[in-house]
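Report on the structure
So the chains spell out like this:
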Amino acid sequence: MTAIDVPLPQVRGRAEDAASTTHRSQCTLCEAHCGIQVTVIDGQVSRIAGNPDDVLSKGYICPKATAMGGLHHDPDRLRTPMRRVGDSFEPVGWDEAFAEIGTRLRRVRHQHGFRSLGMYLGNPAAHSSGALYGLALRIALLTPNFYSASSIDQMPHEYAAWRVFGSNVLVPITDIDRTQRLVILGANPAVSNGSLSIMPGAKRRIKAVRDRGGTVVVIDPRRTETTRLADRHIAVRPGGDLYLLLGMLHVLVTENLCDATVVEKLTSGWAELSELVATTTPEAMAARAGVSAEEIRALAREHAAAESAAIYARIGICHQQTATLVSWLVMVINTVTGNLDRPGGTMFSTPIVDVPRLARYIPVGHGWWTDRSGRYKAFRTELPAVTMADEMLTDGPGRIRAMITYAGNPVSSIPQKGRLDEALAELDLYVAVDMYITETTRHADFILPPVSPLEREDVALLTTIFSVRNNIRYQHRSFQAAAGALEDWQILSRLTFELLPTPLRRLTAPVRERLIAFADPLRVTAAALATGPYGRLRRGRKGITLRAVRESAGGIDLGPLQPRLSKVLATSDRRVHLAPAEFVAEAAARLAARTEEPRDGRLQLIGRRHLRSNNSWLHNVPTMTGGNNRCTVLMHPEDAAARGLTDGDTVRVTSQVGHIDVELEVSDEMRAGTVAVPHGWGHRNTGWRHADSLPGANVNDLHDPDQVDTFTGTAALNNTWVTVGAAG
Ligand SMILES: Nc1nc2c(c(=O)[nH]1)N[C@H]1C(S)=C(S)[C@@H](COP(=O)(O)OP(=O)(O)OC[C@H]3O[C@@H](n4cnc5c(=O)[nH]c(N)nc54)[C@H](O)[C@@H]3O)O[C@H]1N2
Ligand SMILES: Nc1nc2c(c(=O)[nH]1)N[C@H]1C(S)=C(S)[C@@H](COP(=O)(O)OP(=O)(O)OC[C@H]3O[C@@H](n4cnc5c(=O)[nH]c(N)nc54)[C@H](O)[C@@H]3O)O[C@H]1N2
Ligand code: SF4
Ligand SMILES: [Mo]
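Everything quoted here is computed from the prediction, not taken from an experiment.

1. Section: the packing of helix α3 (residues 130–141) against helix α19 (residues 488–498)
In contact at an axis separation of 9 Å, α3 and α19 are set at 10° when each is read in the N-to-C sense. As the angle between them shows, α3 and α19 are arranged roughly parallel. Between α3 and α19, the contacting residues are Gly 130, Tyr 133, Gly 134, Ala 136, Leu 137 and Ala 140 on the first element and Trp 489, Leu 492, Ser 493, Leu 495 and Thr 496 on the second. Split into classes, the residues belonging to the contact of α3 with α19 amount to seven nonpolar, four polar and no charged.

2. Focus: the pattern of salt bridges
Tallied over the full model, the rule gives 43 salt bridges. With a closest N to O distance of 2.6 Å, Arg 372 and Glu 391 form a salt bridge. With a gap of 19 residues between them, Arg 372 in the loop between α14 (355–358) and α15 (388–393) and Glu 391 in helix α15 connect regions that are remote in the sequence. By relative accessible area, which is 27% here, Arg 372 ends up partly exposed.

3. Concerning the sheet that holds strand β25 (residues 659–666)
Overall, mixed pairing links the six strands, which are arranged β22-β26-β23-β25-β24-β27 in a closed barrel. Averaged over all neighbouring strand pairs, the angle between strand axes comes to 45°, with direction disregarded. As paired strands, strand β22 (residues 603–606) and strand β26 (residues 674–676) are joined by three bridges and run parallel to one another. When the sheet's bridge partners are listed, Ile 606 is paired in β26 with Ala 676.

4. Structural notes on the domain arrangement of the protein chain
Segmenting the protein chain into domains produces domain 1 (1–75), domain 2 (78–169 + 348–472 + 484–572), domain 3 (171–316) and domain 4 (592–726). Taken together, the contact pairs 20 residues of domain 2 with 17 residues of domain 3. A combined buried area of about 1,500 Å² lies between domain 2 and domain 3, and 67% of that area is made up of carbon and sulfur atoms. Arg 314 is paired through a salt bridge with Asp 153; the nearest N and O atoms lie 2.6 Å apart. Secondary structure elements with two or more residues in the side of domain 2 that touches domain 3: α4 (155–165) and α18 (462–465). For the side of domain 2 that touches domain 3, the class distribution of residues is twelve nonpolar, six polar and two charged.

5. Examining the UniProt feature "domain: 4Fe-4S Mo/W bis-MGD-type" (unreviewed entry) in the protein chain
Those places that UniProt annotates as "domain: 4Fe-4S Mo/W bis-MGD-type" (unreviewed entry) correspond, in this numbering, to residues 20–76. Secondary structure content for residues 20–76 is 12% helix and 37% strand, while the C-alpha to C-alpha distance between its ends is 26 Å.

6. Let's talk about the site of ligand 1
Around ligand 1, the structure places 31 residues, and the nearest of them are Asn 188, Ser 192, Asp 220, Asp 241 and Ser 613. Taking Ser 613, its main chain carries an N or O atom lying 2.6 Å from a nitrogen atom of ligand 1. At a separation of 2.9 Å, an oxygen atom of ligand 1 approaches a polar backbone atom of Asn 615. Isolated, ligand 1 exposes 930 Å² of accessible area, and the fraction of that covered by the protein chains is 97%. Of all the secondary-structure elements, those providing two or more residues to the shell around ligand 1 are α5 (189–192) and α12 (315–318). Top contributing element to the shell around ligand 1 by residue count: α5, with three residues.

7. Concerning the environment of Arg 602
Structurally, Arg 602 can be placed in the loop between α26 (581–592) and β22. It is 63 Å that separates the C-alpha atoms of Arg 602 and Val 511, two residues lying 91 residues apart in sequence. Apart from the residues lying within four places of it in its own chain, the contact partners of Arg 602 are Trp 721, Val 722 and Thr 723. Side chain to side chain, Arg 602 and Asp 600 meet in a polar contact 3.2 Å long.

8. Focus: unusual backbone geometry
The phi dihedral of Lys 58 falls on the positive side, at around 50°, and the residue is not glycine. By the secondary structure assignment, Lys 58 is in the loop between β4 (44–50) and α1 (67–73).

The rules behind the values
- Residues numbered from 1 in each chain as written.
- Chains lettered and ligands numbered in written order.
- Predicted model: local features only at pLDDT ≥ 70, side-chain atom pairs only at ≥ 80, totals over all residues.
- Heavy atoms only, no water.
- Axes fitted to C-alpha atoms, helices over the stretch in contact; angles between N-to-C directions.
- Helix = DSSP H or I, 4+ residues; strand = E, 2+ residues; numbered from the N terminus.
- Parallel < 35°, antiparallel > 145°, perpendicular 65-115°, else oblique.
- Contact = heavy atoms within 4.5 Å.
- Nonpolar A, V, L, I, M, F, W, Y, C, P; charged D, E, K, R; others polar.
- Salt bridge = Lys/Arg side-chain N within 4 Å of Asp/Glu carboxyl O.
- Buried < 20%, exposed > 50% of the residue type's maximum accessible area, 1.4 Å probe, protein only.
- Pairing = 2+ DSSP bridges.
- Domains from an automatic or database assignment.
- Buried area = accessible area lost by both parts, 1.4 Å probe.
- UniProt positions renumbered as here; feature names shortened; annotations may be inferred.
- Near = heavy atom within 4 Å.
- Polar contact = N/O pair within 3.5 Å; in protein donor to acceptor, adjacent residues only side chain to side chain.
- Areas by Shrake-Rupley, 256 points an atom, 1.4 Å probe, with all protein chains shown as cover.

Put into structure tokens, the structure is as follows:
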């Protein structure tokens, strides 16, 4: 037992059934981390319910929560480390695996230098404290070739936040629980439950805006599940957001609808901003936005008039060539209308580790290095994931020859023209920290599986930084892991050890194990809590301890978001930068360019998410995949009729870089001229026996890895044009 261990709370045990226990835990499948109650009978999960005492999710769970049981019991989930033998895998002991990986990693490093090592960190890494240990391993690798799912996700928001507020961690959070006007731009929280503004039970929260007399507007090319909860839906053209927002700003500036005091006291760049938007009238922007001038004007006026208002923008705007510009203008509109740093607007959290306050000391490392082609600059020490295949396949100094992936499935999740498949197979060494044989990890020399999420005890720090309300919650174990099983943080620590200088590496096993155990995530969290804003060192006896969190019924609520801009703002002049020069120049260039919208019957392809699916990796749980085929191409009836296609047809979707065959689903949910296909499907030749049997294809085969957001290299998936016709 460590010092912070206390008896595990079991909320209920039915007296008549001694073998039944219910454990309070958390669903860690997405950022929401909803509180759950896991009932276990005779070693089997028999029920997963919401925990009504959870201070953030308040009893809410989505249908995916029950997949936590399915994953735990999944016979295809790896429980022991695997080593490649020819075309298959055989079990191997942990010590033997680490020793051989260490020798081979060091050999590659010795022969080819640090640049020959690479690492990719996937999305679920951020849902446990494993991420911290992943970053430690990343440091030990000392390679510029570090990638993560962030560059197919939120990087544009981070880059914009860096330019506007001085730090990538200062992406403002939407104060959904207090706003009187919520404008949702390129997000579908009714399905996703929010991201970067973490809002479990988003539907309830959105309904509450209207119940208290507020308004909700959704701006999205598809009439989504969230749209059904809104007062208004505006079917913007995919990628039209930049022009929509420029049109809004024109109205705000020329009609004097901005908060002059805020602009004067808090910001710089007003003159440059005003100049940029002088000509962007709603009339001039309407066609490129795909939204009428009246709508654009009304959006601006209503935003300014609302008692409080927030534009919440998420992944729909990240997957564009103009993603960073859009994210910037969202921050600008929220600021100049007086909705930054005030309740009901967009705000910054006060998490248990005060990352926002430390922001100015966290370097973003922009341009510290580039990829080998020189096209992409490093940002927060990463390079864009779309370049990974090139860095492995293009010969020459610095070519990646050894790779570690942790909790990621880039062959499925990244556009890479199928080349990553080929590239991973050719590496000298590929190590995957993952519990499944996926389209990515099937190429590994070693697969190192962590325990199941239900066997983990943890506090995920990320969810404390980006929640719509300050809180700290605890993930209890529902099962004890098998003897000898390792958690992610232990696996990653062992890998880190293999890269350390010889004297440290040669420590005896017991000393090494004690050192690793000393850095237990719970101990690290306890220390971080003690020294943070709510901790004993600051608040004395009133401070919150990890023990108190652990013993709580559903975490500890730390109150609503607080105004704290002056404490966190990280720009050198302590002002909010409304008009970063490179953004103004790029926006002006975009405005000057003629739109090159194809007029040859091509359709614009976007993505979509489903309530029972989670990126690429939940499709092996049969209860998540029942009912209709999910991997369909959604198309407006007019577009289908024009092509002589009917619902249920198998159609071929073809882009400049590839084609896929999928089922057609006709629906007037779609904006005409736009089609949607979900990502993460098309499993073949993996260890997921059920998933492999399902229909579908990998939509990323259609996206061009060279088409990216200008500033961050984030894949611009929503700028892909396709033709759709009967499958040949
Ligand atoms: N059920 C479920 N929940 C999830 C996930 C999942 O896979 N399944 N994934 C999790 C992850 S990793 C993330 S990052 C979050 C993402 O959370 P969200 O951002 O809410 O994700 P999406 O549901 O993809 O919503 C994006 C919306 O943008 C719209 N859109 C597409 N192109 C454009 C455009 O050009 N402009 C505008 N304005 N809108 C556009 C799409 O139609 C879609 O409705 O969800 C998380 N939650
Ligand atoms: N076309 C298109 N592509 C997209 C998107 C889109 O909207 N459209 N969305 C993008 C987004 S937002 C994201 S976040 C990415 C996600 O992209 P990735 O992170 O690359 O892929 P995931 O599908 O999340 O795969 C997660 C992997 O982690 C493993 N895993 C799950 N839990 C754990 C754990 O606790 N420990 C370890 N070690 N492994 C674990 C799973 O088995 C799986 O192999 O996809 C992106 N790709
Ligand atoms: S929204 Fe669903 S998947 Fe996400 S944490 Fe909550 S229950 Fe799990
Ligand atoms: Mo994501």
